[in-house]
Structures are given as C-alpha cells and as structure tokens.
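Chains, contacts and geometry: an overview
For reference, the chains in residue letters:
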There are 2 protein chains.
Amino acid sequence: MNDTSGRRLLRINEVAAETGLTTRTIRYYEEMGLLEPAARSEGDYRLYDESDLERLQFIRGLRDDAGFSLAQIRQLLEDEAVRERNRERFRTTGDPDERRALILDARERVDRQIELLEAKAARLAAMIEEARARGRHLDGHLAELDGGPAPHPGRLAGATPAGTGE
Amino acid sequence: MNDTSGRRLLRINEVAAETGLTTRTIRYYEEMGLLEPAARSEGDYRLYDESDLERLQFIRGLRDDAGFSLAQIRQLLEDEAVRERNRERFRTTGDPDERRALILDARERVDRQIELLEAKAARLAAMIEEARARGRHLDGHLAELDGGPAPHPGRLAGATPAGTGE
DNA sequence: CCTGACCTTCACGTGAACGTCAAGGTTGTG
DNA sequence: CACAACCTTGACGTTCACGTGAAGGTCAGG
C-alpha cells in the first residue's frame, strides 16, 4: 500500500509501460508544464495516480492522432483547467447571470477545440475519400480482367470510368 | 512567355506567395525529395508549373491537416509515383497477367494509404466525440438556466454541436 | 551596360521533442 | 544490512524542419 487512502500510486517506469511513453518523455512533459505527478515519495520519487494515466493517454492522443505540438496541447489542457476552475465557481455561486457567463465561456472553449479537431478530421476525410475513389477504380479494372473485357464495370464503381485519366 | 508551350512558369518567390510556404521550405522539400521544379532557367533559376503548385498545396495539407512527417509524406508521394509509372506500363503492355499484377500492386499501395489515414481519422473522431459529449452535458446546464430547472434536455443543439465538459 | 531585385549554393544556427549517459540517492527483498 | 533495481537531477547529443546569413550569379528595366 502506498497511500493513506486506497489509491494505487505508480512509479514512473510503470506509467511508462502503461502509456507507451518513455520515462524521459514523461519527465519532459512535466518540465513543459503538461502535468504534475499526483505525489512524491519520501525520497522524491514521482508517484502517479489513475487520473495522471488518463491525462498522459490524452496527451498522447493529441500528439499522435491529431498531430498537435506540445505547445498547442498545453494550451488545450490549460483551457481545460480554466473550465475546471469555472466549474467550481459555478457550483459555489448562486448568481444566475454569472452561471450563464461561466457556461458560455466553457462552451466557447470547447467550440474552439472541436473546430480545431474537425478541421483536421475534414481534411483527413477528404484525403481518404480520394484514396477510396482510386481503389474503386482499380477494382473496376480488376473485375474487367477477371471477368473478361467487359465494356462497363459490373460492380458499383466510380461514376466515370475513364474520367480520372488512369 | 517562359516556355515553348504556353505554360506560365513561376519563380520560387511567386510560388512561396501562392502556397504560403517560404522559399527555404520549398527548397528544403526539394532537398528531401518531395518535388522537383518543372524546369530550370538558363541561369539555373527554379521554375514551377501549375502541377507543382498543386503538389505543394497537397504536401502542405498532409503536413498541417494530417500532421504527417515529411518522411511519411515522401512515402505517400513515392507510392503515388510508383502507381503512376505502373499505369504507364499498364497501358503499354498487352499481357493480362502483368496487368493483373500491376493493378494488385496499386491496390496494395492504396490500401496501405487508406489504412494509415483511417487509423488517424478514427482516433480523431473518438476525440471529437468525447469533446461533443462534454458539450452536450454543458448544453443541458444552459437549458436549465434558460428554461428553469428542467430535468430533461429540451434543446436541440443546432448545426454547431459545441459544448464542453460541465 | 548598369543597377536593384531576385536567384543560386553552401553552411551554420535554432527550437521542438526527445535520447543518452553520468553521478549519485531510494526502495524493498533476502 | 547488503544489494540490485529503480529513481533523482543535470547536462550534453540528436533528429526534424526549417531560419538566417554569406558570397556570388541572373534577370529585367532604364
């Protein structure tokens, strides 16, 4: 047992194993202000809890899947932190106007996040569709070869067979 | 006129202006094997045509939108080039077996591209959905404030599915 | 043919994102 | 308490993707 509570705290090497990051990378992210370990041991070992794990997985996703820089990721996480603080403020205030303002602020932040992600996703989708179109075209030719020189593709292929100048 | 044909050829600075890249970046991409200028002037100036422009825009998309490294981009473009050459070979050969082989090769390349892109897109989509879920939760709170403490989500989110963690 | 704006090829500099020792301290198991 | 296995903080090295001169050649207008 590591804690007065029942939480399992992990050392950096275990965290590295679970997240697929290196210990150096984890320390570097701390250095860059992306996270702080939940605790330190008596001898100053970094100790991480479950939420740290999730945070690192999230960071990894932003880095690998969305291709964000660490600077952008820090910005996103800071936005997240502001939202968190606003949530607290939201709970403790009774003023409906302030509550509305806090939620609207949070909405704006997430709107920006989603906009960023969706712009990337849209471009990716366009590229995928382009590639798929080429694939369908190839399938048409394969069918031609397999089933004899049929003038039109029997399968559902792209709209114009000779259009893309293959 | 720059060419024996009617094509307008651009110098590197004009290309930079149109693509939003710097001249250094364009030269660097050439150095990395991502493109070759369509021609050189008598005094060895780089001269680019319309397809070079498109290629650079495409590269920029892969870099900025999909977050690919230049190495990955080069791989994608090389695959594309191989496909192009195979297409030529396809047109000039009469051998059905060779034709089949060429198409199958092309299909493999396209499949690999699609796999790469889809993996990225899927994870991006997951992140977007996560953000949207937080947003819907927030919209619920907004509706509560606007319409009194109603326990059920009465609002339609509209075209912009925004919102954030509560 | 002169000149200023643009271009060429080196070549070194830079910031981001880590990798990789080095020198020493901490943990926990026998 | 001995000791291997893990951790700490530096601090320097590396790769990628360019930025930034330097030294000189080219192009178009006057």
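Since the structure is predicted, the reported quantities are computational estimates derived from the model, not experimental observations.

1. Describing the overall build of chain A
- In terms of regular secondary structure, chain A is built from five helices and three strands.
- Listed by position from the N terminus, the elements making up chain A come as β-α-α-β-β-α-α-α.
- Buried residues in chain A amount to 25% of all 166 residues.
- For chain A, long-range pairs separated by at least 24 residues make up 42% of all intrachain contacts whose partners lie at least 6 apart in sequence.

2. Considering the protein's contact with DNA strand D
- Taken together, the neighbourhood of DNA strand D is formed by 19 residues, with Arg11, Asn13 and Arg46 of chain A together with Gly43 and Leu70 of chain B sitting nearest.
- Elements with a minimum of two residues in the surface near DNA strand D: helix H1 (12-19) of chain A together with helix H2 (23-31) and helix H4 (70-92) of chain B.

3. As for the interface of chain A and chain B
- Contact residues are listed per partner, giving 35 residues for chain A and 37 residues for chain B.
- Broken down by secondary-structure element, the contributors of at least two residues to the side of chain A that touches chain B are helix H4 (70-92) and helix H5 (96-146) of chain A.
- With 28 residues, H5 of chain A is the single largest residue contributor to the side of chain A that touches chain B.
- Along the lines of polarity and charge, the residues of the side of chain A that touches chain B split into 16 nonpolar, five polar and 14 charged.

4. A look at the protein's contact with DNA strand C
- In the vicinity of DNA strand C, 19 residues are found, and the nearest of them are Gly43 and Leu70 of chain A together with Arg11, Asn13 and Arg46 of chain B.
- Secondary-structure elements contributing two or more residues to the surface near DNA strand C are helix H2 (23-31) and H4 of chain A together with helix H1 (12-19) of chain B.
- Sorting elements by how many residues they give to the surface near DNA strand C places H2 of chain A first, with three residues.
- For the surface near DNA strand C, the class distribution of residues is six nonpolar, seven polar and six charged.

5. A closer look at the packing of H4 of chain A against H5 of chain A
Residues and elements named next belong to chain A.
- Running from amino to carboxyl end, H4 crosses H5 at an angle of 160 degrees, the nearest separation of the two axes being 10 Å. The pairing of H4 with H5 is recorded here as roughly antiparallel in orientation. Of the two elements, H4 crosses H5, and the hand of that crossing is left-handed. Of H5, the residues touching H4 (which contributes Leu76, Asp79, Arg83, Asn86, Arg89 and Phe90) are Arg99, Leu102, Asp105, Ala106, Arg109 and Gln113.
- Broken down by class, the residue content of the contact of H4 with H5 amounts to four nonpolar, two polar and six charged.

6. Some points on unusual backbone geometry
- The residue aspartate 44 of chain A is not glycine, and still its phi comes out positive at about 75 degrees.
- On the secondary structure map, aspartate 44 of chain A appears in the loop between strand S2 (39-40) and strand S3 (46-48).

7. A few points about the confidence of the model for chain A
- Summary statistics for chain A give a mean pLDDT of 83 and a share of 85% for residues scoring 70 or more.
- Within the model, pLDDT remains below 50 along residues 152-166 of chain A, and this stretch shows 20 contacts once partners closer than five positions in the same chain are excluded.

8. Structural notes on the sheet that holds strand S3 (residues 46-48) of chain B
Residues and elements named next belong to chain B.
- Taken in spatial order, the three strands of this open sheet run S1-S3-S2, and their pairing is antiparallel. Of all strands in the sheet, those bounded by a partner on one side alone are strand S1 (10-11) and strand S2 (39-40).
- Pairing analysis gives two bridges linking S2 to S3, with the strands arranged antiparallel. Note that in S3 the partner of alanine 39 across the bridge is leucine 47.

9. Quick look at the sheet that holds S2 of chain A
- In spatial order, the strands read S1-S3-S2 (chain A); together these three strands make up an open sheet with antiparallel pairing. One side of each edge strand has no neighbouring strand; the edge strands of this open sheet are strand S1 (10-11) and S2 of chain A.

10. Things to note about the relation of the copies chain A and chain B
- For these two chains of identical sequence, chain A goes onto chain B by a turn of 178 degrees and a shift of 0.0 Å along the axis, with RMSD 0.6 Å. Both copies are brought into coincidence by an operation consistent with a two-fold rotation axis. Identified as the residue of chain A closest to the rotation axis by C-alpha distance is glycine 67 of chain A, at 2.4 Å.
- By residue overlap, the copies meet face to face through one surface: 91% of the interface positions of chain A are interface positions in chain B.

11. Looking at the nonpolar core
- Residues Leu62, Leu117 and Leu124 of chain A together with Ile59, Leu62, Ile73 and Leu124 of chain B are the most contacted members of the largest nonpolar core, which totals 49 residues.
- In this structure isoleucine 59 of chain B touches Tyr29, Leu34 and Ile73 of chain B, once residues within four positions along its chain are discounted.

Rules behind the numbers
- Numbering of residues begins from 1 in every chain and follows the order in which that chain's sequence is written.
- Labels follow written order: the first chain is A, the first ligand is 1, and so on.
- Local features in a predicted model are, by the rule used here, given only for residues with pLDDT of at least 70; side-chain atom pairs are given and counted only at 80 or more, and totals for whole chains, interfaces and linings are based on all residues.
- Labels follow the DSSP assignment, with helices taken as runs of H or I lasting at least four residues and strands as runs of E lasting at least two, numbered in each case from the N terminus.
- Burial is judged by counting the other C-beta atoms within 10 Å of a residue's own C-beta: 20 or more makes it buried, 12 or fewer makes it exposed, and any count in between marks it as partly exposed, with every C-beta position built from the backbone.
- Throughout, a pair of residues is in contact if the C-beta atoms placed from their backbones lie within 7 Å.
- Residues are counted as near a molecule or strand when the C-beta atom, derived from backbone positions, lies within 6 Å of that molecule or strand.
- Under the convention adopted here, Pro, Cys and the residues Ala, Val, Leu, Ile, Met, Phe, Trp and Tyr are nonpolar, Asp, Glu, Lys and Arg are charged, and Gly plus all remaining residues are polar.
- To get an axis, a line is fitted to the C-alpha atoms, and for a helix only the part in contact is used. The angle between two axes follows their N-to-C directions and goes from 0 to 180 degrees.
- Orientation labels follow simple angle bins: below 35 degrees gives roughly parallel, above 145 gives roughly antiparallel, 65 to 115 gives roughly perpendicular, and whatever is left gives oblique.
- It is the rotation of the near helix from the far one that decides the hand of a crossing: anticlockwise by less than a right angle makes it left-handed, clockwise makes it right-handed.
- Confidence of the predictor at the level of single residues is captured by pLDDT, which takes values from 0 to 100.
- Pairing between strands requires that DSSP locate at least two bridges from one strand to the other.
- When the copies are overlaid, the least-squares fit takes in C-alpha atoms only where the residue has pLDDT of at least 70 in both copies.
- Each nonpolar core reported here comprises buried Ala, Val, Leu, Ile, Met, Phe, Trp, Tyr and Cys residues connected via C-beta atoms within 7 Å.

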